[in-house]
Amino acid sequence: MRFTLLLAALPLILLTGCTTARQREPIAKSLRIDSPKLLRGEKAYMHYCDKCHPGGDTGLGFAIKNKPLPEFLVELQVRVGLGAMPAFSDELLPDDQLDDITEYIKLLRKQ
Ligand code: HEC
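The structure contained in this document is the topic of the report that follows.

Scoring rules and cut-offs
Residues numbered from 1 in each chain as written. Predicted model: local features only at pLDDT ≥ 70, side-chain atom pairs only at ≥ 80, totals over all residues. Heavy atoms only, no water. Salt bridge = Lys/Arg side-chain N within 4 Å of Asp/Glu carboxyl O. Helix = DSSP H or I, 4+ residues; strand = E, 2+ residues; numbered from the N terminus. Buried < 20%, exposed > 50% of the residue type's maximum accessible area, 1.4 Å probe, protein only. Near = heavy atom within 4 Å. Polar contact = N/O pair within 3.5 Å; in protein donor to acceptor, adjacent residues only side chain to side chain. 1 Å grid on protein atoms, 1.4 Å probe; cavity = no way out; pocket = protein on both sides within 12 Å on 5 of 7 lines; lining within 4 Å. Sits in = over half its atoms within 2 Å of the grid points. Nonpolar A, V, L, I, M, F, W, Y, C, P; charged D, E, K, R; others polar. Donors = N, O, S within 2.8 Å, 3.2 Å for Na, K, Ca; no water. Tetrahedral: all angles 85-135°; square planar, octahedral: opposite > 155°, others 65-115°. Phe/Tyr/Trp six-rings, centres within 6.5 Å; stacked < 30°, edge-to-face > 60°.

Some remarks on the pattern of salt bridges
Using the criterion set out here, one finds 8 salt bridges in the structure. A salt bridge links D100 to K37; the nearest nitrogen and oxygen atoms lie 3.2 Å apart. In this pair, D100 is assigned in helix 4 (residues 95–110) and K37 in helix 2 (residues 36–48), connecting sequence segments 63 residues apart. D100 sits in the buried class, given a relative accessible area of 4%.

Some points on the site of the ligand
The local shell around the ligand holds 21 residues, among which C49, C52, H53, K67 and M85 are the closest. H53 places a polar side-chain atom, nitrogen or oxygen, 2.8 Å from a nitrogen atom of the ligand. Interatomic distance of 2.8 Å between a side-chain N/O atom of K67 and an oxygen atom of the ligand. If you map the ligand onto the pockets, it falls in the largest pocket. Where the shell around the ligand is concerned, the elements lending two or more residues are helix 3 (71–80) and helix 4. Classifying every residue of the shell around the ligand by side-chain character gives 16 nonpolar, 4 polar and 1 charged.

Quick word on the coordination of the iron atom of the ligand
Protein-derived ligands of the iron atom of the ligand are H53 (NE2) and M85 (SD), with the metal-ligand distances lying across 2.0 Å. For the iron atom of the ligand, the 6 donor atoms in the first shell make angles of 87 to 179 degrees at the metal, so the coordination geometry reads as octahedral. In this pair, H53 is assigned in the loop between helix 2 and helix 3 and M85 in the loop between helix 3 and helix 4, connecting sequence segments 32 residues apart.

Quick look at the packing of aromatic side chains
The full count for this structure, using the stated rule, is 2 aromatic pairs. On the numbers, 5.3 Å between centres and 50 degrees between planes, the contact of Y45 with Y104 is tilted. Of the two residues, Y45 sits in helix 2 while Y104 sits in helix 4, which places them 59 residues apart along the sequence. When the ring of Y48 is compared with that of F88, the centres are 6.0 Å apart and the planes differ by 85 degrees; the resulting orientation is edge-to-face. Highlighted residues: Y48 in helix 2 and F88 in the loop between helix 3 and helix 4, separated in sequence by 40 residues. By the burial criterion, Y48 is buried, and F88 matches it.

In short, shape yes, function no, at least from these values alone.
Shown next, in the form of structure tokens:
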């Protein structure tokens, strides 16, 4: 009985033993999402873009927050899908949502 208890507690002991008490600083500064448009943009970005451009940084795709790409080029990239990036039709991603996303990317750049 004692032994099984110990066995059951073992993962817990190991887990707590291996973590540090110090809280790490969040790597990215938190963004100021202060309008409904940005909130929608963030949501759409997470849904459509974040898996390849995590947080606007390099992932499967290039970083997009580190350069001042004009809005129309971002939109062109999304609609036409140059290179390895898939194209997003306006049925999949309506214009107003894309507009929210570009607004959100501008905020990412200010980070
Ligand atoms: C399946 C992965 C994937 C998804 C999803 C994706 N991208 Fe990309 N993206 C890429 C890749 C790969 C590239 C590099 C394309 C190339 O070969 O030139 C890229 C390039 C870009 C570029 C050009 C960057 C540059 O330096 O020229 C922009 C802007 C961009 N993506 C925006 C977006 C936005 C906005 C979304 C969401 C609507 C999105 N991407 C979703 C993979 C993705």
